Amino acid sequence: ELSLGLDLIATQNLTKDSGVPGFISRDLTTITVDLGVFEKRPFLCRKIIAHELAHSLLHRDFYSNISYSDVSGWFGVIRSISNADLERLEWQADALGSLICVPKKELGRHVKTALQRATLNKEFNINKVNSKMLAKYIGSSLDKIFEVPAEVIVWRIEMDGLLPPDKLQEGA
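Conventions adopted
- Residues numbered from 1 in each chain as written.
- Predicted model: local features only at pLDDT ≥ 70, side-chain atom pairs only at ≥ 80, totals over all residues.
- Heavy atoms only, no water.
- Helix = DSSP H or I, 4+ residues; strand = E, 2+ residues; numbered from the N terminus.
- Buried < 20%, exposed > 50% of the residue type's maximum accessible area, 1.4 Å probe, protein only.
- Salt bridge = Lys/Arg side-chain N within 4 Å of Asp/Glu carboxyl O.
- Contact = heavy atoms within 4.5 Å.
- Pairing = 2+ DSSP bridges.
- Expected span 1.5 Å × (residues − 1).
- Bend = angle between axes of the 7 residues up to and from the residue.
- Polar contact = N/O pair within 3.5 Å; in protein donor to acceptor, adjacent residues only side chain to side chain.

(A) Up close: the overall build of the chain. Summing up its helical and strand segments, the chain has nine helices and three strands in all. Ordered by position from N to C terminus, the α and β elements of the chain give β-α-β-β-α-α-α-α-α-α-α-α. In terms of its C-alpha atoms, the chain occupies a principal-axis envelope of roughly 55 × 35 × 30 Å. Looking at the chain residue by residue over its 172 residues, the buried ones come to 40%.

(B) A look at the pattern of salt bridges. Inspection of the entire model under this criterion finds three salt bridges. Put simply, Asp 85 and Arg 88 hold a salt bridge, and the shortest N to O gap is 3.8 Å. Placement of both Asp 85 and Arg 88 in helix 6 (residues 83-101) is noted, with a separation of three residues, approximately one turn of the helix. Since its relative accessible area comes to 42%, Arg 88 is described here as partly exposed. Close ionic contact of Asp 160 with Arg 156 constitutes a salt bridge, the shortest N to O distance being 2.6 Å.

(C) Examining helix 9 (residues 150-159) more closely. Among the residues of helix 9, those classed as buried are Ala 150, Val 152, Ile 153, Val 154, Arg 156 and Ile 157. Elements in contact with the buried residues of helix 9: helix 3 (42-58), helix 6, helix 7 (104-120) and helix 8 (131-146). Looking one or two places after helix 9, you find Gly 161, whose phi comes out positive at around 60°.

(D) Structural context of the pairing of strand 3 (residues 30-34). Taken across its five residues, strand 3 has five buried, putting it largely inside the fold. Residues Thr 30, Thr 32 and Asp 34 point to one face of strand 3 and Ile 31 and Val 33 to the other, with burial holding for every one of them. Here strand 1 (residues 7-11) pairs with strand 3 via five bridges, running parallel. When the bridges of strand 3 are listed, Ile 9 appears paired with Thr 32. Here strand 2 (residues 22-24) runs beside strand 3; their pairing, made up of three bridges, is antiparallel. Bridged to Phe 23 within strand 3 is Thr 32. In textbook terms, the turn of a hairpin is the stretch between consecutive antiparallel strands, and for strand 2 and strand 3 this stretch comprises five residues, one of which, Leu 28, has a positive phi near 60°.

(E) How the structure looks around unusual backbone geometry. One non-glycine residue, Asn 13, lies in positive phi territory at about 65°. Structurally, Asn 13 is set in the loop between strand 1 and helix 1 (14-18). Taking relative accessible area as the criterion, Asn 13 reaches 35% and is therefore assigned partly exposed. Residue Leu 28 is not a glycine yet carries a positive backbone phi of 60°. Checked against the element boundaries, Leu 28 lands in the loop between strand 2 and strand 3. For Leu 28, a relative accessible area of 7% translates into the label buried.

(F) Inspection of helix 8 at higher detail. Over its 16 residues, helix 8 runs 21 Å from end to end, which matches the ideal 22 Å to within 8%, given 1.5 Å per residue. At Ser 140, helix 8 shows its maximal kink, close to 35°. On the buried face of helix 8, the contacting elements are helix 3, helix 6, helix 7 and helix 9. Looking at where helix 8 begins, the residue whose side-chain oxygen comes 3.1 Å from the main-chain nitrogen of Lys 132 is Asn 130. Residue Glu 147 follows helix 8 closely and has a positive phi angle near 60°.

Structural data, given as structure tokens:
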């Protein structure tokens with residue numbers, strides 16, 4: 001927080017009142033997260049902070065051309081842009097945020113180890129699951145290492161192509 005020059009504010013009932021667990025201020029200096037997420041869901045909080053940080057790094061031009069001062073103002077901005085543009089902005093922030101939290105080289109190393117463990121696990125038959133199921137299995141074993149929700153790791157495993165499809169039986 002301090003080394004990046006960003007403030008972090010935890011606000012009670014943000015998700016309940018606005019439908020979003022976090023957002024970044026228009027001037028890109030403050031990330032606001034739901035207090036409940038901040039206190040009780042540290043992995044999700046880490047994902048949200050990385051996502052909002054990614055917006056500040058990638059979308060400075062976009063934010064400099066809009067105006068809002070609170071969550072309701074932000075929703076007005078969202079309604080004013082196309083779904084395609086919004087999806088692009090969010091996908092980019094998700095992608096960079098996941099790279100910040102889960103570096104590719106380190107993820108590759110851990111996936112390799114997890115695959116070796118999965119092969120030895122008699123309760124989990126690696127030859128009878130599809131790649132999506134295997135990614136979920138591995139993601140759930142790595143979430144505590146990277147301190148992010150397992151779905152972030154699953155997404156990265158899939159996006160980075162870390163599971164060779166020729167080794168899996170698809171559709172099982």
